[in-house]
Every structure is written in C-alpha cells, then in structure tokens.
Amino acid sequence: MFERRDRLARSPRHDLALQCIASGVEAAHPERVVRERVAVDGDTLRVARGTGAAGAHEVDLSAVDRLLVVGGGNAAGTAARALEGVLGERLDDGVVVTDDPAPCDRVRVRAGDHPVPTARNVEGTREVLELTRSAGPDDLVLAVVAGGGSALLAAPVDGISLADLRATTEGLLASGAAIGEVNAVRKHLSAVKGGGLARAAAPAPVVGLVFSDVVGNDLGTVASGPTAPDPTTYADALGVLDRYDVAVTEAVREHLDAGKRGERPETPADPAALGDVTNRVLADNLTALKAAADVAAERGYTPLVLSTQTRGEAREAAKTHVAVAEECAASGNPVEPPAVLLAGGEVTVAGAGEGNSGRGGPNAEFGVSAALELAGRDPATGIVAASVDTDGVDGRSEAAGALVDRDTAENPTAAREALGTHATAPYLADRDAAVVTGPTGTNVNDLRVFVVGEHRPGDTNH
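Counting starts from 1 at the beginning of each chain's written sequence and moves along it residue by residue. In view of the model being predicted, local features appear only for residues whose pLDDT reaches at least 70, and side-chain atom pairs are presented and counted only at 80 or more, with totals across whole chains, interfaces and linings using the full set of residues. Hydrogen atoms and water are omitted, and side-chain values are computed over all heavy atoms in the structure.

Enquirer: Looking at this model, I keep getting lost on the side chain of T437. Mind explaining?
Expert: What counts as a helix is a DSSP run of H or I of at least four residues, what counts as a strand is a run of E of at least two, and both are numbered from the N terminus. Inspection of the secondary structure puts T437 in the loop between β16 (434-435) and β17 (446-452). In what follows, a contact means two residues having at least one pair of non-hydrogen atoms within 4.5 Å. Contact partners of T437, with chain neighbours within four places excluded, come to M1, F2, G392 and A400.

Spelled out as structure tokens, the structure:
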C-alpha cells in the first residue's frame, strides 16, 4: 500500500513500522469491519459493537418495508459496498457522499471533497436528505457515519451560503481548535449535523454505523454527529470563534448571534428528540492499534499501546512520544526492548492555513519534530518513528504522514525551517521519509508507531 516502499523500508525496523501501519489500516477498513460486525441470519439483522465490546443490536427484517443506506465520510463508499455484500437484495436504495468513491450496485455513491466542502458535497448531501426524508415508520435507515463526514455532508442552513461555509471551515481548520470545538460551530450552521440526519429520518428507525476518527469516540463529534444529540449551543459556537479569533462572514455571525438570542432552534441535546436511533461504533482507533500490536508481537517485539487519546500540538506531542521511546531504550521502562510503542488520537497544527495548502499536515509535523529529537542520538538506541493519518491524507498534503529516524533531520536548521513554515511534507519527501498511500478507504484517526531496538533471531527473551 506504500509508494516507494523499498526506499522507506531501509532497515528491519523501518519495515516493521510499515507493516504495523498497513495492518492497522487494513483492520479498520470497512470491507473487513462490516464483514465482521454486520450480519444477516434469516430475517435477523445483527450489528455488533466494535473492538470487542459486548452487545449486538438486532432488527427483525421481516417487519421492514424498505431498507435504506445513507451517510457520508471518507469510509462511506467502501462501507456502502460492503453493506451491499452483506444485505444483498434486501437493500432497496441508498446514497452516500465520500471523497473515495467505490463502485456499488444499489447505493448511489456521490463524490465529494475534503476537508473543505464544495458544491458537489452540497448536491450529494441534498440527495442524502431527500432519500432520508422519504423514509416511513416501517422502513429502516442504516446511516454510515464516518470521519470526514463533517466536510462531506454539507447542508448549509437557510441564510448561509456555501461560500460562508467554506470560509468558516478554512478559518477553523487553520486556528488550531480541537475537533470538538470546530464541530460545535459547524453543527450550528448545518441542517444535517447535530442530529439533523436522524431527525430527517423520523419516524423511521435509524441504526448509525460509526467509523470513529475522534478521541474518545464522542458520537456527537464524529462527522459532527448527524445521528447523535448535541450538547453544544450557539453560545458555545460563538465562544470558539472568539477564543481562536476566527474571522467569519457577516451572515455566519448574524446566524449564530440570532441563535444565541433564542431566535433560531437549538440542536437537540435530548436523545429522545431524535426519534428511534441506535448508534454502534464498528471501528475506531483502538481497532487499528490492536492490529498493529499483533504484527509487532508476531515479529518478536513486545507491543505496548500507550494511548488512543493523544491530542494537542503535533510538534509538542512528538517530543513527549520520543521521550517515552528513549526511556524504553535506556532503562527498559515502560517496556523492555525490543519493543513497539503504539499510540493514536489526533494531533493538530495551529497557523497552517490556506497559504500552506499541500505543504504538510499534523502527522508530517509530528514526524519532523520527532526527527529533530532523535537527531544525533546513539545509533545503538535504534528508534524508528512513524506517524500517519489512517485515511491516507495528512492535512492538505498528498502524503499520509512520516517515517523518520536519527538521520532524517541530519541538518537541524533545515528541519526547523520546515516546521517554522509548515512546509514539512516536501521536507520529508526530499529525504525519503514521506509515507504515501493514497486514500485508504477508512478513517480511524492517527496511528503512531515507535520501534525501539531490533529483534534478532535466536533471542530467547521474546
């Protein structure tokens, strides 16, 4: 799945890091996840929870008139294709919006753009809402809710134009605000987010099939929560804009101000207001980390999952991760090498706006910062670090992320300059350290791999 893999895999440690990434992404791919979590047994549809959690949701299909699939996100196309394979002729109709289309027979897959919405996102979402609103009380709506859906499912409320939405999205993404804060604003400018899709389906029952790309699997944040209640308010949205000094158009400011004054309806905080809705997280960051850990163990390394909750500024998070890896190498804490330390979550970059389009993203910044920390270290330490976005697109760049070692930032001045200008993607590409996969068909947040030491044949300790 990697371009120029031979150049990236220049040592057994580099090769292992790539294998961990590939396994993590594959484990979270909708084709595999849907096959493992969604099943039809006779007239019974079963939707299991992901990552080993107990409790399957069951639906009697004999009582269902029409079975519909709707939704959006990076993984929506591949998820729709997988659902067609499971549901077969029981599936009556569907439409999803994605930036990674997959061929389907019964579901209309509409191409959209990410991370900033475009006219085709709006048109595709219009079709999603039309089909969803057509559902009756005896129909069943399966809603694919996936990372990237905040941009791909675009339905501006009355009075807000696509240009307003684009400008607001660009300002928020460049601000360094956390994803929950970004989505608090987007939910209050949208007819589909903040439970809007579920309300459009009522009175039909809805089963949300969630591919989580957010820390903690907050259902109100994944794709801005189209099938989940929303605890945020217009006042919260205005607070985000003010806190991060995000400039917005007059129409956006007036809409949010009117909402704060109570002149516009709030997004519903009460789950009961959404109707008959059941959400199931089918795959998340832990899905990928567990698969990566299995690969490490098979190769003779001791795996340790540090956290799926990593967040904050990318370059600062990298320093902390490297410090843990160095402690592992120096003292055997928190685990004795050879080891693979794994982490997920979502790091951010403040100040990387439109002027830096295509020049880097959070995982590239993480990689360059990690390389600076590793620069000049004793080769015996043997640390190789990788950080990728599982959807294959890091920010606005064409790469998924980075694979670095002590030699990547051999010229620290150039590395610091790349960080200072947010031009980290070309810096990594010039050093055969950019991980390029293309769109992967899934999105379960970031995946970070630190390989510490090297397992050798005959090592009886591992």
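Enquirer: Quick question: what am I supposed to make of the side chain of S150 here?
Expert: With respect to the helices and strands, S150 occurs in helix α6 (residues 149-152). Engagement of the side chain of S150 in a polar contact is seen with the side chain of S224, the distance being 2.7 Å. Filtering out sequence-adjacent residues up to four positions away, S150 remains in contact with N183, R186, K193, T221, A223 and S224. A 3.5 Å cut-off defines polar contacts: any pair of N or O atoms within that distance qualifies, except that in protein one atom must be a possible hydrogen donor and the other a possible acceptor, and neighbouring residues in sequence count only when both atoms are side-chain atoms.

Enquirer: Is there a simple way to explain the sheet that holds strand β2 (residues 44-47) in this structure?
Expert: Sheet strands line up and pair through hydrogen bonds in the backbone, either parallel or antiparallel. The antiparallel open sheet is built from three strands, whose spatial order is β1-β2-β3. Either end of the sheet is taken by a strand with one partner, and the two such strands are β1 (38-41) and β3 (57-60). For this sheet the average axis-to-axis angle between neighbouring strands, irrespective of direction, equals 20°. Between any two strands, pairing holds if DSSP finds at least two bridges. The pairing of β2 with β3 spans four bridges and is antiparallel. Within the sheet, the bridge partner assigned to V47 lies in β3 and is H57. Think of each axis as a best-fit line through the C-alpha atoms, taken over the contacting stretch in the case of a helix, with angles from 0 to 180 degrees between the N-to-C directions.

Enquirer: Would you explain the packing of helix α3 (residues 30-37) against helix α4 (residues 76-87) in this entry?
Expert: In a packed pair of helices, the relevant descriptors are the angle between the two axes and the axis-to-axis distance. Put simply, α3 and α4 touch, their axes get as near as 8 Å, and they point 35° apart. When you trace α3 past α4, the crossing you get is right-handed. Where α3 approaches α4, its residues P30, E31 and V34 are matched on the opposing element by T78, A79, R81, A82, L83 and V86. The residue inventory of the contact of α3 with α4, partitioned by class, reads six nonpolar, one polar and two charged. Each crossing is labelled by how the near helix is turned from the far one, with a counterclockwise turn of less than a right angle marking it left-handed and a clockwise turn marking it right-handed. Amino acid classes used here: Ala, Val, Leu, Ile, Met, Phe, Trp, Tyr, Cys and Pro are nonpolar; Asp, Glu, Lys and Arg are charged; the rest, including Gly, are polar.

Enquirer: Where do I start with the packing of helix α8 (residues 179-187) against helix α10 (residues 234-243) in this structure?
Expert: With their axes 8 Å apart at the nearest point, α8 and α10 run at an angle of 125° to one another. With respect to α10, the element α8 is oriented oblique. Judged by the sense of rotation from one axis to the other, the crossing of α8 with α10 is left-handed. Here E181, A184 and V185 of α8 come into contact with α10, specifically with A237, V240, L241 and R243. Residue composition of the contact of α8 with α10, by class: five nonpolar, no polar and two charged. Comment on the angle field: the value is read as roughly parallel under 35 degrees, roughly antiparallel over 145, roughly perpendicular from 65 to 115, and oblique elsewhere.

Enquirer: Can you help me understand the environment of A39 in this one?
Expert: If you trace the backbone, A39 turns up in strand β1. Here the term buried applies to any residue with accessible area under 20% of the maximum for its type, exposed to any over 50%, and partly exposed to those in between, with areas from a 1.4 Å probe on protein chains only. A39 gets classed as partly exposed once you look at its relative accessible area, which sits at 39%. C-alpha separation for the pair A39 and G300, spaced 261 residues apart in sequence, amounts to 35 Å.

Enquirer: Would you mind going over the packing of aromatic side chains with me for this structure?
Expert: Two aromatic rings, taken as a pair, are described by how far apart their centres are and by the angle between their planes. Two aromatic rings from Phe, Tyr or Trp, using only the six-membered ring of Trp, form a pair when their centres are within 6.5 Å; if the ring planes differ by under 30 degrees the pair is stacked, by over 60 it is edge-to-face, and anything between is tilted. By the definition in use, this model includes one aromatic pair. With a centroid separation of 6.3 Å and an interplanar angle of 75°, the aromatic rings of F366 and F450 are classed as edge-to-face. Residue F366 is found in helix α14 (residues 362-374), and its partner F450 is found in strand β17; the two are separated by 84 residues along the sequence. Against the face of Y427 rests R431, its NZ or CZ located 3.6 Å from the ring centre. Directly above the ring of F366 sits R448, whose terminal nitrogen or CZ lies 5.0 Å from the centroid. We call a charge positioned over a ring when the NZ of a Lys or the CZ of an Arg lies within 6 Å of the ring centre and within 35 degrees of the ring normal.

Enquirer: How should I be thinking about the environment of G376 in this particular structure?
Expert: With respect to the helices and strands, G376 occurs in the loop between α14 and β14 (383-389). Taking C-alpha positions, G376 is 30 Å from V393, a pair spaced 17 residues apart along the chain.

Purely spatial values, then, with no claim about function.
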